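Summary of the model geometry
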Amino acid sequence: MLNFEFFNPTRIVFGQGTIARLDTLVASDARVLILLGGESARKNGTLAEVRAALGAREVYEFDGIEPNPSYETLMKAVSLVREKKLDFLLAVGGGSVIDGTKFVAAAIDYDGEPWDILETRGDTVTSALPFGSVLTLPATGSEMNDGSVVTRRATQAKLAFTSPHVFPRFSILDPTKTYTLPIRQIANGVVNSFTHVMEQYLTYPADGLVQDRFAEGLLQTLIEIGPKLLEKADDYELRANFMWVATLALNGLIGADVPQDWSTHIIGHELTARYNIDHARTLAVVLPANLQVRRAAKHGKLLQYAQRVWGITQGSEDERIDAAIDRTRAFFESMGIQTRLPDYGIDASEIGTLVGQLRAHGMVELGERKDVTPEVGQRILEASL
C-alpha cells in the first residue's frame, strides 16, 4: 500500500424527495445563483422543486452551461455573481454543470486571470464561494470530489484542476431525476463511470487489497446493470444503484493508497476539445487501445482484471489479456457506444495534430509511471483506428 491521505467533506443526501432538504442545507439568508445546463431541469419539474425548496431566499438563475463547460460561458456567470453580490452557488444538473460551478466558485475572488486556475491545475486557488449540487445525470462523480474540467473554445484547450476548496458542501442525489434522461446520456454515464474506476484500478499491483476489491465490485455492478439501464427508464433500484456507483467511482475512496493512471482521460480530452465528441465516447475509444499498447506495463493487473472482473481463467496469459480487452470493448459497444476513431470520422491523418495538442498542453509524462510520452500517445491513437 502507498502512503495516502483521504479527505472528503461533501454531505450526500440520497433518495427520492430529497430536494426538499435544500431548505435546511442552504442558509436562510443566502443569496443564491442556480446554475443550469439545457432545458431539461425546467421541463421535468426539477427546477420548480428547487425554487420551492429555496423559499423566500433571493435567487437568480444562470442557464446554458455546455456539456463540456466553456471558459467563455462560465466567465459570464462569474460576472453575474460579482454584479449581484451573490454568496452561494447551486448546481442543478450533471457533471458538466457541477464542474462549471466549481470553476465559477474558484474564480469569483481569484487574484489574477482565472484561466490560470486551469493552467496551474488548481495550485493557485486559495478560496472559493460555497456551493452545493442537485445531481440529475450520474456520470462524472463531480458531485463528491474536488475536480473540474473546463474547455476554452478560443484555443481548443480542455484542462482540469483540483482544489480542496471546491468540494461541494452537499449534493442531493434523487434517482427519480434520471428517469427522463435520454438513453445516450445513460450509456455515456455508464462508460464514464467504468473508465473512472479503471484509471484508478488498472495500473500495477500495489497491495491495495481493499481498494482493488472495492473497484472490482463497482466494475462488476456496472457490467451487471449497464444493459438493463438502457431497457428500463423508471426502475428505481437500477437507477439508484447506478447513481451511487457513479459517485463512488470518483469520490477519492477507491483511489486511496493505489497508483492512478488518467492517461485515457487526458488523451480523450484532446478528442473532445478538437472534435466535440462526447467525453464518455472518447474514453470508449481510447481505453481499449491504451490497455493493448501498454499491456506489458499493466500485465499483472490485466490478468487480475481478466480473472476477477470477467471470470477469464483459461488460456495463456496473453490470451487472457486479449480476452479481457476484447470484453471491455464489447461491453462499451453493448451500451451503444462505438469504440474506434473512424466511427467518429477521424482517420490517421489527424493523429499528428492530436499528439501536437498533447505536447502543447504539457501532457508529456502521463500515466501511473509517467511514461506515457507523446510518442506512446501516438501509438495509442493509432491502435484506436
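Residues numbered from 1 in each chain as written. Predicted model: local features only at pLDDT ≥ 70, side-chain atom pairs only at ≥ 80, totals over all residues. Heavy atoms only, no water.

Moving on, we come to the pairing of strand β5 (residues 131–137). Counting buried positions along β5 yields 7 of 7 residues, so the element is predominantly enclosed. Across 6 bridges, the pairing between strand β4 (residues 88–94) and β5 is parallel. Paired with Leu-90 across the two strands is Gly-132, which belongs to β5. Examined bridge by bridge, β5 and strand β8 (residues 170–173) share 3 bridges and lie parallel to one another. Bridging from a neighbouring strand, Leu-135 pairs with Leu-173 of β8. (Buried < 20%, exposed > 50% of the residue type's maximum accessible area, 1.4 Å probe, protein only. Helix = DSSP H or I, 4+ residues; strand = E, 2+ residues; numbered from the N terminus. Pairing = 2+ DSSP bridges.)

Once that is clear, we can look at the sheet that holds strand β1 (residues 11–14). Strand order in the open sheet formed by 6 strands is β1-β8-β5-β4-β2-β3, with parallel pairing between adjacent strands. Two strands in the sheet have a free side with no partner beyond their single neighbour: β1 and β3 (58–62). Neighbour-to-neighbour, the strand axes of this sheet turn through a mean angle of 20 degrees, independent of strand direction. Docked against the sheet, helix α3 (residues 46–54) engages β2 (31–36), β3, β4 and β5, running at close to 170 degrees with respect to β2. Each of β1, β5 and β8 is contacted by helix α9 (residues 236–248), which is oriented at about 170 degrees to β1, the strand it contacts most. (Axes fitted to C-alpha atoms, helices over the stretch in contact; angles between N-to-C directions. Contact = heavy atoms within 4.5 Å.)

Tallying each qualifying case throughout the model produces 22 salt bridges. For Asp-278, the salt bridge identified is with Arg-281, shortest N-O distance 3.5 Å. Judged by relative accessible area, Asp-278 falls into the partly exposed class, the value being 23%. Given the relative accessible area of 7%, Arg-281 is considered buried. We note a salt bridge from Arg-359 to Glu-375, for which the minimum N-O separation is 2.9 Å. Of this pair, Arg-359 sits in helix α14 (residues 351–360) while Glu-375 sits in helix α15 (residues 374–383), and the two are 16 residues apart along the sequence. In this structure Glu-375 comes out as partly exposed when scored by relative accessible area, which is 45%. Members of the salt-bridge network, linked through shared partners, are Glu-39, Arg-42, Arg-51, Glu-61 and Asp-63. (Salt bridge = Lys/Arg side-chain N within 4 Å of Asp/Glu carboxyl O.)

The next subject is unusual backbone geometry. The backbone phi angle of Lys-85 is positive, close to 55 degrees, even though this residue is not glycine. One can find Lys-85 in the loop between α4 (71–84) and β4. Among the residues examined, Lys-85 registers a relative accessible area of 64% and is labelled exposed. Here the phi dihedral of Lys-370 falls at roughly 60 degrees; this positive angle occurs in a residue that is not glycine. Inspection of the secondary structure assignment puts Lys-370 in the loop between α14 and α15. Under the relative-accessibility criterion, Lys-370 is labelled exposed at 54%.

A word on the packing of aromatic side chains. In this description, a pair of aromatic rings is defined by centroid distance and the angle of the planes. Throughout the structure, instances matching the rule amount to 10 aromatic pairs. Centroid distance Tyr-71 to Trp-115: 5.3 Å. Interplanar angle 75 degrees. Geometry classified as edge-to-face. Taken as a pair, Tyr-71 in helix α4 and Trp-115 in the loop between α5 (95–107) and α6 (116–119) lie far apart in primary sequence, 44 residues in all. For the pair formed by Tyr-71 and Trp-115, the shared burial category is buried. Relative to Phe-331, the ring of Phe-194 has its centre 5.3 Å away and its plane inclined at 45 degrees; by these criteria the two rings are tilted. (Phe/Tyr/Trp six-rings, centres within 6.5 Å; stacked < 30°, edge-to-face > 60°.)

Between helix α8 (residues 209–231) and α9, the shortest axis-to-axis distance is 10 Å and the interhelical angle comes to 140 degrees. Classified by the interaxial angle, the pair formed by α8 and α9 is oblique. Of the two possible hands of crossing, α8 and α9 adopt the one that is left-handed. Residues Leu-218, Thr-221, Leu-222, Ile-225, Lys-228 and Leu-229 of α8 pack against Leu-238, Arg-239, Asn-241, Phe-242, Val-245 and Leu-248 of α9. Taken together, the residues of the contact of α8 with α9 break down into 8 nonpolar, 2 polar and 2 charged. (Parallel < 35°, antiparallel > 145°, perpendicular 65-115°, else oblique. Left-handed = near helix turned anticlockwise from the far one by under 90°. Nonpolar A, V, L, I, M, F, W, Y, C, P; charged D, E, K, R; others polar.)

Next up on the list: helix α11 (residues 279–293). The terminal C-alpha atoms of α11, which comprises 15 residues, lie 21 Å apart, in line with the 21 Å expected from a rise of 1.5 Å per residue. At Val-286, α11 shows its largest bend, some 25 degrees, and a proline, Pro-288, comes one to four positions later. The element α11 is extensively covered by neighbouring structure, given that 13 of its 15 residues are classed as buried. (Expected span 1.5 Å × (residues − 1). Bend = angle between axes of the 7 residues up to and from the residue.)

So, about the packing of helix α7 (residues 183–201) against α9. Between two packed helices, the angle of one axis relative to the other and the distance separating the axes together describe the packing. The interhelical angle for the contact between α7 and α9, taken along N-to-C directions, is 40 degrees, at an axis separation of 10 Å. The angle between α7 and α9 places the two elements in the oblique class. The chirality of how α7 crosses α9 is left-handed. Counted together, Ile-186, Gly-189, Val-190 and Ser-193 of α7 and Arg-239, Phe-242 and Ala-246 of α9 form the full contact between these two elements.

What follows deals with α14. Listed as buried for α14 are Ile-351, Leu-354, Val-355, Gln-357 and Leu-358. When α14 is viewed along its axis, its buried side chains cluster within an angular range of 150 degrees and face the same direction. Considering only its buried residues, α14 is in contact with α10 (263–275) and α15. Two residues or fewer after α14 comes Gly-362, characterised by a positive phi angle close to 75 degrees. (Arc of directions from axis to C-beta.)

What follows covers the side chain of Lys-177. Along the polypeptide, Lys-177 turns up in the loop between β8 and α7. Residues in contact with Lys-177, not counting those within four places in the same chain, are Ile-19, Thr-46, Glu-49, Leu-135 and Thr-136.

Geometric values such as these leave the question of function open.
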